[in-house]
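Observations on chain architecture
Listed here are the chains, written in short residue letters.
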Amino acid sequence: MKTVEKVIDEKIQGKALVTENKKENTKKLFIESYGCQMNMNDSEIVASILDKEGYNTTQILEEADLVLVNTCSIREKAETTVRRRLQKYNAVKKVNPKMKVGVLGCMAERLKEKFLEEEKIVDLVVGPDAYKDLPNLLDEVSEGRNAVNVILSKDETYGDIAPVRLNTNGVSAFVSITRGCDNMCTFCVVPFTRGRERSRDPKSILEEIQTMVDKNFKEITLLGQNVDSFLWYGGGLKKDFKKASEIAQATAVGFAELLDMCATKFPKTRFRFSTSNPQDMSLDVIHVMAKHKNICKYIHLPVQSGSNAMLKAMNRQHTREEYMQLVDNIYKIVPEMALSQDMIVGFCGETEQDHQDTLELMRYVKYDFGFMFAYSERPGTLAGKKMEDDVPQEVKKRRLQEVIDLQQEHALYRTQQHLGKTEEVLIEGTSKKNPNEWKGRNTQNTVIVFPKEHYKLGDFVMVKVEDCTSATLKGTAVGYSENN
């Protein structure tokens, strides 16, 4: 169901990554990723670093010299899955004792002692800012010592490493523009596992996009925990911007400028971005989106709750009224904009009135898509330490269902608005349900399926929309778009 599909693409969770093998590489790396798209992107950076150390990737766990699992701490399910995978690696390790196992990413940062001391499966623990240290850490391991580096950096952005693109459809790619997060939302562990916020040099971002365009990628998603607060002033943490020189401050590049640069330099490339934070979303960004046809008219704008009391408890830096005003302005500047939400139901202290406020906000916005969860306490978060998870499970379940049902209704309302229109679609692959149909997305990020005919993967095609469900549009191609 489109409305409860997580931001996380379940299809690529735990899928071993594959790169082009080099003849001269003699060692084998098995690497799996769980969690957000940032983690998938980080695994590509790790593969690139280890490629230079003589490692080719393999999909066969049993033949690997080095097994790495890139982990997520956001939800309990992801942690449970990773623990199960570690048990599986351990079983293989008994047969192949030379195999080394490492944990990367957010869970590594959070559970370093546990992994090394209590669960003796792991040889190597590497946090999200320490991937360049992997060659040294592997030397430590080969000398029989456990190796750990979970130090969070003030300036590491991996801007100088060209990620190896893994498991890609060859059409869309992700480019990280920021790392870390400064927003201390009480339900979230990211600032503690990925560190404080810093941005990449725009020059390195444009160079990476150029490489992707040269390889014939047609769509780039600019990626960050919070893309709207992108701020490049010569390097360093965002929070230290005020201490920068007058010249550095005057020549700083914000997200609106970066987006404008990308869209102007690559007019034939489609751009998307994720994730946005309402408190940092400036109308300059919306004006840039209105100005460029090649910036997709879709924003993922997580609200988390429609209740001011809950927003305050979550330490969100916006009110319900400010959010609604932002939405009004977005629709005014770009009437065809599609919006999606993240919603947490049953947060600590949520009353029935708070829940009704959320439903009312949803009716006001009528989101195209939604990613909805019942609150589950995460260790290490401020809510986990200081707040009581006091909403009963059955109440959470009912409220979540009400939010999902309403989102389903709005999703259908939104897809119906496309009926009869002819829209540009980028072909991304074959439809899951019908091998004779292509699937792609329009500018609003809605999936469209249509008969394949003579069109090819990566083509920009104009499709007349004839039918829809709440999740998908169906139509017939009427020709190539001018972008082709």
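Description of the structure in this document. (Residues numbered from 1 in each chain as written. Predicted model: local features only at pLDDT ≥ 70, side-chain atom pairs only at ≥ 80, totals over all residues. Heavy atoms only, no water.)

The next thing to look at is the sheet that holds strand β17 (residues 422-430). As summarised here, the arrangement of the 5 strands in space is β17-β18-β19-β21-β20, forming a closed barrel in which the pairing is mixed. Shown here is a sheet whose adjacent strand axes are inclined to one another by a mean of 55°, direction ignored. In terms of strand pairing, β17 meets strand β20 (residues 460-468) through 5 bridges, oriented antiparallel. Paired with Glu423 across the strands is Val463, a residue of β20. (Pairing = 2+ DSSP bridges. Helix = DSSP H or I, 4+ residues; strand = E, 2+ residues; numbered from the N terminus. Axes fitted to C-alpha atoms, helices over the stretch in contact; angles between N-to-C directions.)

For the rest of this paragraph, the subject is the sheet that holds strand β14 (residues 298-300). In sheet architecture, strand pairing relies on hydrogen bonds along the backbone and comes in two forms, parallel and antiparallel. Taken in spatial order, the 3 strands line up as β14-β15-β16 in an open sheet, and their pairing is parallel. Strands with a single pairing partner mark the edges of an open sheet, and in this sheet they are β14 and β16 (369-374). Ignoring strand direction, the axes of neighbouring strands in this sheet form an average angle of 10°. As defined by bridge partners, β14 adjoins strand β15 (residues 338-345) across 3 bridges and the pair is classed as parallel. Residue pairing in the sheet places Tyr298 in a bridge with Ala338 of β15.

Okay, helix α12 (residues 320-333) next. Under the 1.5 Å per step criterion, the end-to-end length of α12 is 20 Å for 14 residues, consistent within 8% with the ideal 20 Å. Taken residue by residue, α12 has Arg320, Tyr323, Met324, Leu326, Val327, Asn329, Ile330 and Tyr331 as its buried positions. Buried residues along α12 sit against α10 (283-291), β14, α11 (308-313), β15, α13 (352-365) and α15 (393-416). (Expected span 1.5 Å × (residues − 1). Buried < 20%, exposed > 50% of the residue type's maximum accessible area, 1.4 Å probe, protein only. Contact = heavy atoms within 4.5 Å.)

A few words on the packing of aromatic side chains. This structure, assessed with the given rule, holds 6 aromatic pairs. A centroid spacing of 6.5 Å and a plane angle of 85° characterise the contact between Phe187 and Phe347, whose relative ring orientation is edge-to-face. Of this pair, Phe187 sits in the loop between β8 (178-179) and α6 (190-194) while Phe347 sits in the loop between β15 and α13; the two residues are 160 residues apart in sequence, bridging distant segments of the chain. Owing to a relative accessible area of 0%, Phe347 belongs among the buried residues under this scheme. (Phe/Tyr/Trp six-rings, centres within 6.5 Å; stacked < 30°, edge-to-face > 60°.)

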